[in-house]
2 protein chains.
Amino acid sequence: MTMSSKNPKAPEVSRRRARNSLSHEEILEAALKMTEADGLAQLSMPALARNLGCAVMSIYKYFRNKDALLDALAHRVMRDLHRRLPPAGDGDWDVELVAYFTAYRDLMEDTPAYREVVLYASTSVVRAALTPAQWRRLDTGIGLLHRAGLPLSDAVRVYNVCYNFTRAYVAYEHTVRAAASNRPDTEGAAEDPLDGAEYPLLAALPDPTAAIDINEDGFRLSLELLTAGISRTFGIPLTA
Amino acid sequence: MTMSSKNPKAPEVSRRRARNSLSHEEILEAALKMTEADGLAQLSMPALARNLGCAVMSIYKYFRNKDALLDALAHRVMRDLHRRLPPAGDGDWDVELVAYFTAYRDLMEDTPAYREVVLYASTSVVRAALTPAQWRRLDTGIGLLHRAGLPLSDAVRVYNVCYNFTRAYVAYEHTVRAAASNRPDTEGAAEDPLDGAEYPLLAALPDPTAAIDINEDGFRLSLELLTAGISRTFGIPLTA
DNA sequence: ACCTGAACACCGTTCAAGT
DNA sequence: ACCTGAACACCGTTCAAGT
């Protein structure tokens, strides 16, 4: 009864895509949009093709397989990410250090799609060709510690620690949160009170599970402790 | 021509499983074995059924769906894990703290299947009913910091930081390593030397990518810095 | 009650064919 | 050259049927 079904020979909005209308870029853009909207888990080749209005196999002319597509997506996302991420400033080392890594987490919080993509393709992102913006940020981050008084080799080791801590924490936060939202929450189910004889300390706490929660407070305290640890271990004063 | 195909009416090794031969326990055991052998990614319902010598749908009599099975698997693994994980000792707080969290990482290194399972079902594991062994270890871990001089509420916050750091670090290490082993390594591809004018510090390094590597050294240094940070922030002396 | 095969709606991917 | 449909080997899961 619809217009398009009345006569199969009718124009029917031209199902077939024009000759060179598809491109590497358009496919990636669509994939990114879909990831932002519904998450990486929903990004399938058929769904992507539907979204592009092309046949599934057309995508394979531009990407060897799905993995290659995800790799390209990860690179694109990392490039965007570092464009929005400032290099280290030249204020007090401890203040700047906290700001430097907090900025990374904040940006990831802003754009959940980034977290998934970055988390997924860890390798291609961590190991493969870094963009100039990433090298720059890396260089200034190490410089921060070097200026504060650490020998270069120690500055690299300490930067490494802070960097991996931040990446790991954000990734872990994300997986925990994602998993939590997929389940019937046990919020209502009243927990059994803990036996004070068995667990003297936990039993005294208002919420024992707080000890293993993961949230922003923990991230902040971690950075504070790391900073204090750097100060103490390398004998450079804190300013804050 | 084979014996079994000659006569379809022959005994044929009795394809059908005996009446009550299947069980919750046997299924979980098989799933764990398969995960140890080939990784969680290879654990499909058909593969599991083949392994058990039963029909795929038989499994569904014991587990509502695959997610429920993975949940049960995660709980089983966490229970095993904490059985092998000692509570905190009563030596010097800083030495014990490092040993306490290093033990977790070491155990995860030992049994890669554990990492995958624990990593996967973050929620059910982190939030849902903890076993007595886990509560015990938690209680002694917090006690470690409390005995060292931290008020109980701070001891919980600091424990939380160390715990989440360790979990996150191990999980992140695992995903990076797993992803790396799935790809053509770029080891051979000689990296372009970095421009000394653009990246003065990185250019001076023998291997700039070391700044973002992840390995055991980073883990150890992280724990050292955290310990030093706790000492400095809460004014309790280091003994090591 | 417990176990099962057939069937469904999805994947990613190969292959041979359209234009 | 670029785009496409049909087909294949896999998933997880529902349903109705065997024993």
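Refer to the structure presented above.
Residues numbered from 1 in each chain as written. Chains lettered and ligands numbered in written order. Predicted model: local features only at pLDDT ≥ 70, side-chain atom pairs only at ≥ 80, totals over all residues. Heavy atoms only, no water.

S.K.: How should the side chain of Q134(B) be read in this particular structure?
M.R.: Residues and elements named next belong to chain B. Inspection of the secondary structure puts Q134 in helix α9 (residues 132-148). Take Q134: its relative accessible area is 9%, and that puts it in the buried class. Excluding anything up to four places from it in sequence, Q134 contacts M78 and H82. (Helix = DSSP H or I, 4+ residues; strand = E, 2+ residues; numbered from the N terminus. Buried < 20%, exposed > 50% of the residue type's maximum accessible area, 1.4 Å probe, protein only. Contact = heavy atoms within 4.5 Å.)

S.K.: Help me out: how do you make sense of a nonpolar patch on the surface in this one?
M.R.: Taken together, the side chains of V56(A), M57(A) and Y60(A) present a nonpolar region at the surface, about 260 Å² in accessible area. With respect to the element layout, Y60(A) can be found in the loop between α4 (56-59) and α5 (66-83). (Patch = residues over 30% accessible without salt bridge, like charges linked within 9 Å, V, L, I, M, F, W, Y side chains within 5 Å. Areas by Shrake-Rupley, 256 points an atom, 1.4 Å probe, with all protein chains shown as cover. Salt bridge = Lys/Arg side-chain N within 4 Å of Asp/Glu carboxyl O.)

S.K.: Before we go on, may I ask you to explain the interface of chain B and chain A in this structure?
M.R.: Interface size is often expressed as the accessible area that is lost when the parts come together. Across the boundary between the two partners, chain B contributes 63 residues, which contact 63 residues of chain A. Carbon and sulfur atoms make up 65% of the area that chain B and chain A hide from each other, which totals about 6100 Å². When the area that chain B buries against chain A is broken down by residue, the three leading residues are W135(B), Y172(B) and I212(B), summing to 12%. Linking chain B to chain A there are zero salt bridges. The interface formed by chain B and chain A includes 18 residue pairs in polar contact (both at pLDDT 80 or more). When residues of the side of chain B that touches chain A are traced back to their parent elements, those giving at least two are α5 (66-83), α8 (122-126), α9, α10 (152-181), α11 (200-203) and α12 (216-234) of chain B. It is α10(B) that contributes the most residues to the side of chain B that touches chain A, 18 residues altogether. For the side of chain B that touches chain A, the class distribution of residues is 39 nonpolar, 13 polar and eleven charged. (Buried area = accessible area lost by both parts, 1.4 Å probe. Polar contact = N/O pair within 3.5 Å; in protein donor to acceptor, adjacent residues only side chain to side chain. Nonpolar A, V, L, I, M, F, W, Y, C, P; charged D, E, K, R; others polar.)

None of this, on its own, says anything about what the molecule does.
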